[in-house]
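Structural overview for review
Chain by chain, the residues run as shown.
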Amino acid sequence: MRICIFSDTHGNLVALDAVLTDIKRQGEFDLTVMDGDLAWGGPRPAETIDRIRALDCLVLSGNTDAWFGARLAMPSQLEEVRAWHRAKIGEARAAYISSLPFSYSVEADAGHRLHIVHANPRNLEDILVPAEEELSLKLIQATDAELICFGHVHAPNVWRVGRWTLADI
C-alpha cells in the first residue's frame, strides 16, 4: 500500500501547492492523509482549507485546528489571533476544521499496522522526540500499531522506541 502523509500547512497556500505538485509527481497513492494544522498561522488560511478539502483525502485534526472550536485549551494570549483567523476563514470552515478526527489506523501491509496522529496517540499537544524516550513510551504504549506517523514538531525524523517505529513527517 502506498501512503502519502503531509502535515502542518498552517495557512501557507504557496507551500501547500508545492507539496501537492510533488505528490502528483510521485504517482498514485492508495491513501493520502493531511495530518492536521491546516490554517493557523499563515496568510491564506481560507484558501488553504479549501484546497485541502478539494483533495478528497483523509484529514486529521491538529492542535491549532482544535483551537478553532475550543476543543483544546489555547494559550490566552492567542485569543486575538484566533479571532483574526476565524474572521478570515468564516464559520463554516471553522466548524469543519474543529470537527476533524483525532487519528487514523490502517493495515498498511499484511500484519503491519500504521497509526497516524498529529502529535502523539494520546493528545494533540505533547511532543514525541528521540531525546525523550521515557515520555515517548508513556504516550505510545497503548498503541497496537508498530509504526506511528505524526507531524506537529516540524522536524522530520525516524527512530525506534521499544517495539515501535516513530516517524515525524
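Just so you know, these numbers come straight off a predicted model, no measurement behind them.

Side note on helix 5 (residues 133-140)
Within the span of helix 5, buried status applies to S136, L139 and I140. Buried residues of helix 5, viewed axially, fall in a sector of 85°; they line one side. Structurally, helix 5 contributes buried residues whose contacts are with strand 6 (147-150), strand 7 (157-161) and strand 8 (164-168).

Digging into the sheet that holds strand 1 (residues 3-6)
What the three strands build is an open sheet, ordered 1-2-3; its pairing is parallel. Each end of this open sheet is capped by a strand with a single partner; those strands are strand 1 and strand 3 (58-59).

Examining the side chain of H85
Here H85 is to be found in helix 4 (residues 79-98). If we ignore the near neighbours within four places in the chain, the residues touching H85 are A39, W40, G41, G42, P45 and F68.

Re unusual backbone geometry
Its identity is not glycine, yet D8 carries a phi of approximately 60°, on the positive side. Following the sequence through the fold, D8 ends up in the loop between strand 1 and helix 1 (13-26). Even without glycine at this site, D56 takes up a positive phi of about 55°. When you line up the elements, D56 lands in the loop between helix 2 (45-54) and strand 3. The class of D56 is exposed, set by a relative accessible area of 72%.

Looking at the nonpolar core
Formed by 26 residues in total, the largest nonpolar core has its most connected members in M34, L38, I49, V59, I89, Y96 and I97. Counting only elements with at least two residues in this core, the list comes to strand 1, helix 1, helix 2, helix 3 (63-68) and helix 4. Beyond its immediate sequence surroundings of up to four residues, V59 is in contact with M34, L38, I52, Y96, L100 and P101. Listed in part, the 10 residues of the second largest apolar core include V117, I148, F150 and V161.

Overview of the environment of N157
If you trace the backbone, N157 turns up in strand 7. Once the C-alpha coordinates of N157 and E91 are considered, the two residues, 66 residues apart in sequence, prove to be 35 Å apart. With near-sequence residues (within four places) excluded, N157 lies in contact with P130, L166, A167 and D168.

Focus on the packing of helix 2 against helix 4
Closest axis-to-axis distance for the helix 2/helix 4 pair is 8 Å, and the angle between their directions is 25°. As summarised for this structure, helix 2 and helix 4 are arranged roughly parallel, according to the angle between their axes. For the pair helix 2 and helix 4, contact is made by P45, A46, I49, D50 and R53 and by W84, H85, K88, I89, R93, Y96 and I97, respectively.

Criteria and thresholds
- Residues numbered from 1 in each chain as written.
- Predicted model: local features only at pLDDT ≥ 70, side-chain atom pairs only at ≥ 80, totals over all residues.
- Heavy atoms only, no water.
- Buried < 20%, exposed > 50% of the residue type's maximum accessible area, 1.4 Å probe, protein only.
- Helix = DSSP H or I, 4+ residues; strand = E, 2+ residues; numbered from the N terminus.
- Arc of directions from axis to C-beta.
- Contact = heavy atoms within 4.5 Å.
- Pairing = 2+ DSSP bridges.
- Core = buried A, V, L, I, M, F, W, Y, C linked by side-chain atoms within 4.5 Å.
- Axes fitted to C-alpha atoms, helices over the stretch in contact; angles between N-to-C directions.
- Parallel < 35°, antiparallel > 145°, perpendicular 65-115°, else oblique.

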